Amino acid sequence: MRNETGNSSSSPMFRSTWLTIFVLELAVISIINGFTILTFARNRHLRKRTTYLIINLTIADLFVGTVSQPLHIYHIMTFKPGSGFGWGKFTVIFFDNVNTACSLLNLALLSLERLHATLFPFRHCLMSDCVYFKTVACIWFLAVIPASVGAALFLIAPQGSKCIWASLIMAVLLTVIVSYAIIALNMKRKVLPYSSGAVSSDRRLTVTLLVVIGLSLLGFLPWFFYAVLEVSAKLRSLSDEAKFNILESLNASFYANSFVNPLIYTLRMKEFRNATRFWCDSENSASKSQIIQMKRL
């Protein structure tokens, strides 16, 4: 996310330790999410209304690893917060921000989608694919707002940038809590009027997405609490180096949520797990057949 600790970014600590951590992290995020997207692309039966938002979240997480983290490394090594507005600096920070903002907003959207599916099951079943595609487009457009404002404030008023991100995290957290509280109450007192198999599958998806959202928010919340304490002057007595190391450890946690989601899909979604196993088995079979053919030649 953001570095707001002054000149500490040029210290040997960053060039050695943090650079290594972020490079390894972006590699893991890119590989895992890239593999997940290829799995969805190779298996048509996985691409359906119940997974469109999951695919969109995976794409956002892939961009976090391939775009946001490299830009984060670049801008904390190149310029510092409050250095004055410039279009080049603004563009770098904007593209660092927009993917993380989209990933956050997707968590709220997943909660609202599950809430709609629970409260209005028949209406939810009748929703067309076009509605999902329009919703996904809206999420990316909405992500532009906090990304733009946060990037501008980072360059001219760094504390304001922290307020923007803290507010966004709080809004997403409240949306998730309220949505799943209503879902839990509804599930306890009401049996959905369609087949028990469909009910079981739908509820399992709801629980799976709750696990995904919960683990993602665990990655975001430490940065949120730090931002609140920093803005309220609780941490301003710390040295620049101490604040830099704390903030970068929280940034690493912030980015880490982007590679947790595919692991949850593998553990909780049987169709995804089977598709992944089948793909790996087919790749291994193809490799073995090629080796046999080469030996014969």
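The rules behind these values
- By convention here, each chain's residues receive numbers from 1 onward along its written sequence.
- Given that this is a predicted model, residues contribute local features only at a pLDDT of at least 70 and side-chain atom pairs are listed and counted only at 80 or more, while totals for whole chains, interfaces and linings are drawn from all residues.
- In computing side-chain properties, one takes all heavy atoms of the structure into account and sets aside hydrogens as well as water.
- Only DSSP runs of H or I covering at least 4 residues are called helices, and only runs of E covering at least 2 are called strands; the numbering of each starts at the N terminus.
- When checking whether two residues touch, look at their non-hydrogen atoms; a contact exists if any pair is within 4.5 Å.
- Each accessible area is a Shrake-Rupley result for a 1.4 Å probe, and residues are judged covered by the shown protein chains and nothing else.
- The angle between two axes is taken between their N-to-C directions and runs from 0 to 180 degrees, where each axis is a line fitted to C-alpha atoms and a helix contributes only its stretch in contact.
- To sort the angles, those under 35 degrees are grouped as roughly parallel, those over 145 as roughly antiparallel, those from 65 to 115 as roughly perpendicular, and the leftovers as oblique.
- In a left-handed crossing the near helix is turned counterclockwise from the far helix by less than a right angle, and in a right-handed crossing that turn is clockwise.
- N or O atoms within 3.5 Å of each other form a polar contact, as long as, within protein, one can give a hydrogen and the other can take it, and as long as residues adjacent in sequence are counted only when both atoms are side-chain atoms.
- Here the expected length of a helix is defined as 1.5 Å per residue gap, with one fewer gap than residues.
- Burial classes follow relative accessibility: with a 1.4 Å probe on protein chains only, a residue under 20% of its type's maximum area counts as buried, one over 50% as exposed, and anything between as partly exposed.
- Ring geometry is summarised as follows: Phe, Tyr and Trp rings, the Trp one being its six-membered ring, pair when their centres sit within 6.5 Å, and such pairs are stacked at plane angles under 30 degrees, edge-to-face over 60 and tilted between the two.
- Throughout, the bend at a residue refers to the angle made by two axes, fitted to the seven residues ending there and to the seven starting there.
- Charged residues are taken to be Asp, Glu, Lys and Arg, nonpolar residues to be Ala, Val, Leu, Ile, Met, Phe, Trp, Tyr, Cys and Pro, and polar residues to be all remaining types, Gly included.

### Considerations on the overall build of the protein
Along the backbone of the protein there are 9 helices and 0 strands. Long-range contacts, defined as pairs at least 24 residues apart, comprise 85% of the intrachain contacts of the protein with a sequence gap of at least 6. As displayed, the protein has an accessible area near 14,200 Å², and 70% of this comes from carbon and sulfur atoms.

### So, the packing of helix α2 (residues 49-78) against helix α3 (residues 87-119)
Packed helices, taken two at a time, are described by the angle their axes make and the gap between the axes. The interhelical angle for the contact between α2 and α3, taken along N-to-C directions, is 155 degrees, at an axis separation of 8 Å. Relative to α3, the element α2 is oriented roughly antiparallel. Read as a crossing pair, α2 and α3 show a hand that is left-handed.

### Points about the side chain of serine 30
Mapping serine 30 onto the fold places it in helix α1 (residues 12-42). A distance of 2.7 Å separates the side chain of serine 30 from the backbone oxygen of leucine 26, its partner in a polar contact. Each residue touching serine 30, except ones within four places of it in the same chain, is listed here: Leu62, Gly65 and Thr66.

### Brief notes about helix α5 (residues 129-156)
Taking 1.5 Å per residue as the helical rise, α5 with its 28 residues ought to reach 40 Å, and the 42 Å between its terminal C-alpha atoms agrees with that figure. Along α5, the residues that are buried comprise Tyr132, Val136, Ile139, Ala143, Pro146, Ala147, Gly150, Ala151, Phe154 and Leu155. Summarising the contacts, the buried residues of α5 are in contact with α2, α3, α4 (121-125) and α6 (158-189).

### A short note on the packing of aromatic side chains
One pass over the structure, following the stated rule, counts 7 aromatic pairs. The interplanar angle of 40 degrees and the centroid separation of 5.2 Å between the aromatic rings of tyrosine 52 and phenylalanine 133 together place this pair among those described as tilted. Of this pair, tyrosine 52 sits in helix α2 while phenylalanine 133 sits in helix α5, and the two are 81 residues apart along the sequence. The exposure class of tyrosine 52 is buried, given its relative accessible area of 15%. Centre to centre, the rings of phenylalanine 63 and tryptophan 140 are 6.2 Å apart; their planes meet at 70 degrees, and the pair counts as edge-to-face. In this pair, phenylalanine 63 sits in helix α2 while tryptophan 140 sits in helix α5, placing the two residues 77 residues apart along the sequence. One aromatic cluster is present, formed by Trp87, Phe90, Phe94 and Phe95 through successive ring pairs.

### Describing α2
The terminal C-alpha atoms of α2, which comprises 30 residues, lie 43 Å apart, in line with the 44 Å expected from a rise of 1.5 Å per residue. Roughly 40 degrees is the biggest bend found in α2, and it falls at valine 64.

### Here we look at the packing of α5 against α6
Direction vectors running N to C along α5 and α6 enclose 155 degrees, while the axes themselves pass 6 Å from each other. With respect to α6, the element α5 is oriented roughly antiparallel. Between α5 and α6, the contacting residues are Pro146, Val149, Gly150, Leu153, Phe154 and Ile156 on the first element and Pro158, Gly160, Ser161, Ile164, Trp165 and Leu168 on the second. Of the residues belonging to the contact of α5 with α6, the class tally is 9 nonpolar, 3 polar and no charged.

### Things to note about the environment of proline 70
One can find proline 70 in helix α2. Here the alpha-carbon distance between proline 70 and aspartate 96, two residues 26 residues apart in the chain, equals 8.3 Å. Ignoring any residue separated from it by four or fewer positions in sequence, one finds proline 70 in contact with Leu26 and Gly65.

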